[in-house]
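Secondary and tertiary structure notes
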Amino acid sequence: MRSKVKEAARELGLQLELKTLRNSTATVADAAAAVGVDVGQIAKSIVFVMDGEPVMVVASGRHRIDQLKVCDALDCAEGRQASADEVRAATGFPIGGVPPIGHGLPVVFDTALLDYDVIYAAGGDSNTLFEVHPRDLAGSLRALVAPVGE
């Protein structure tokens, strides 16, 4: 899975170093503790099904994602968080290791992540992550940048 993330980074023009750690990075708290940063610097990649289509929401770990704000940002009628099976089908990655890149889905990028100089995101499994500048990541993904936190 990490090779898929490396290839996606290369295609997007991002220079990333994937770090595989002993400790789990599957949750926001685990990832923040593993790299010694504030939970807000952890970029969680959550798949939603919006008007029947999968969409990636990359949000700060400091808050929950407000589904209605995602709907408003995308101008859609209805949405919900994807199931584990839907996440795997849409991205090719398991929950707990879904990266913000390498899946080809449209991306909504949380404005709260722009409060940080660097953020950390999953690298394809529950022990791997990478450091990136949030503006570089959002720009390379051509993401819709919007406030999505509760």
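All of the points below concern the structure found in this document.

Criteria and thresholds
- Residues numbered from 1 in each chain as written.
- Predicted model: local features only at pLDDT ≥ 70, side-chain atom pairs only at ≥ 80, totals over all residues.
- Heavy atoms only, no water.
- Buried < 20%, exposed > 50% of the residue type's maximum accessible area, 1.4 Å probe, protein only.
- Helix = DSSP H or I, 4+ residues; strand = E, 2+ residues; numbered from the N terminus.
- Pairing = 2+ DSSP bridges.
- Disulfide = S-S within 2.5 Å.
- Salt bridge = Lys/Arg side-chain N within 4 Å of Asp/Glu carboxyl O.
- Core = buried A, V, L, I, M, F, W, Y, C linked by side-chain atoms within 4.5 Å.
- Contact = heavy atoms within 4.5 Å.
- 1 Å grid on protein atoms, 1.4 Å probe; cavity = no way out; pocket = protein on both sides within 12 Å on 5 of 7 lines; lining within 4 Å.
- Points joined across faces, edges and corners; volume = space filled by probe spheres on them.
- Nonpolar A, V, L, I, M, F, W, Y, C, P; charged D, E, K, R; others polar.
- Patch = residues over 30% accessible without salt bridge, like charges linked within 9 Å, V, L, I, M, F, W, Y side chains within 5 Å.
- Areas by Shrake-Rupley, 256 points an atom, 1.4 Å probe, with all protein chains shown as cover.
- Lys, Arg positive; Asp, Glu negative; His and termini not counted.
- Charge placed at Lys NZ, Arg CZ, Asp CG, Glu CD.

1. Observations regarding the pairing of strand S7 (residues 128–132)
The buried fraction of S7 amounts to four of the five residues, a majority that puts the element mostly inside the structure. As paired strands, strand S1 (residues 18–20) and S7 are joined by three bridges and run antiparallel to one another. From the neighbouring strand, Thr-20 faces S7, where its bridge partner is Thr-128. Linkage of strand S6 (residues 119–122) to S7, two consecutive antiparallel strands, is achieved through a turn of five residues, within which Gly-124 is found at a positive phi near 115°.

2. Focus on the state of the cysteines
This model, assessed by the stated rule, comprises zero disulfides. Among the cysteines around Cys-71, which has no disulfide bond, Cys-76 carries the closest sulfur, lying 3.2 Å off. Residue classification places Cys-76 among the buried positions, given a relative accessible area of 16%.

3. Remarks on the pattern of salt bridges
By the definition in use, this model includes four salt bridges. Asp-115 is paired through a salt bridge with Arg-62; the nearest N and O atoms lie 2.8 Å apart. Pair noted here: Asp-115 is in the loop between strand S5 (107–110) and S6 and Arg-62 is in the loop between strand S3 (53–60) and helix H3 (67–74), with a separation of 53 residues, a long-range link. Of the residues examined, Arg-62 reaches a relative accessible area of 40% and is grouped as partly exposed.

4. Structural notes on the nonpolar core
Here is a general trend for soluble globular proteins: nonpolar side chains tend to be buried in one another's company. Within the largest apolar cluster, 28 residues are counted, with the highest numbers of intra-cluster contacts made by Met-56, Val-58, Ile-101, Phe-109, Ile-119, Phe-130 and Leu-137. Breaking this core down by element, the ones donating at least two residues are helix H1 (2–12), strand S2 (42–50), S3, S5, S6, S7 and helix H5 (134–141). Here Leu-137 is in contact with Leu-14, Pro-100, Ile-101, Phe-109, Ile-119 and Val-132, once residues within four sequence places are set aside.

5. Some details on the layout of surface pockets
One way to see where empty space is left: roll a probe the size of a water molecule over the atoms. Of the voids in this model, the largest pocket is the one considered here, and its volume is about 390 Å³. In terms of lining residues, the largest pocket is bounded by 23 residues, among which Ala-26, Lys-44, Ser-45, Ile-46 and Gly-96 are the most central. With six residues, S2 is the single largest residue contributor to the lining of the largest pocket. Its residues assigned to classes, the lining of the largest pocket shows 15 nonpolar, seven polar and one charged.

6. Thoughts on a negative patch on the surface
Together, Asp-51, Glu-53, Asp-72, Asp-75 and Glu-78 make up a negatively charged patch on the protein surface. Relative to the helices and strands, Glu-78 is located in the loop between H3 and strand S4 (79–81). When its relative accessible area of 55% is taken as the criterion, Glu-78 is described as exposed.

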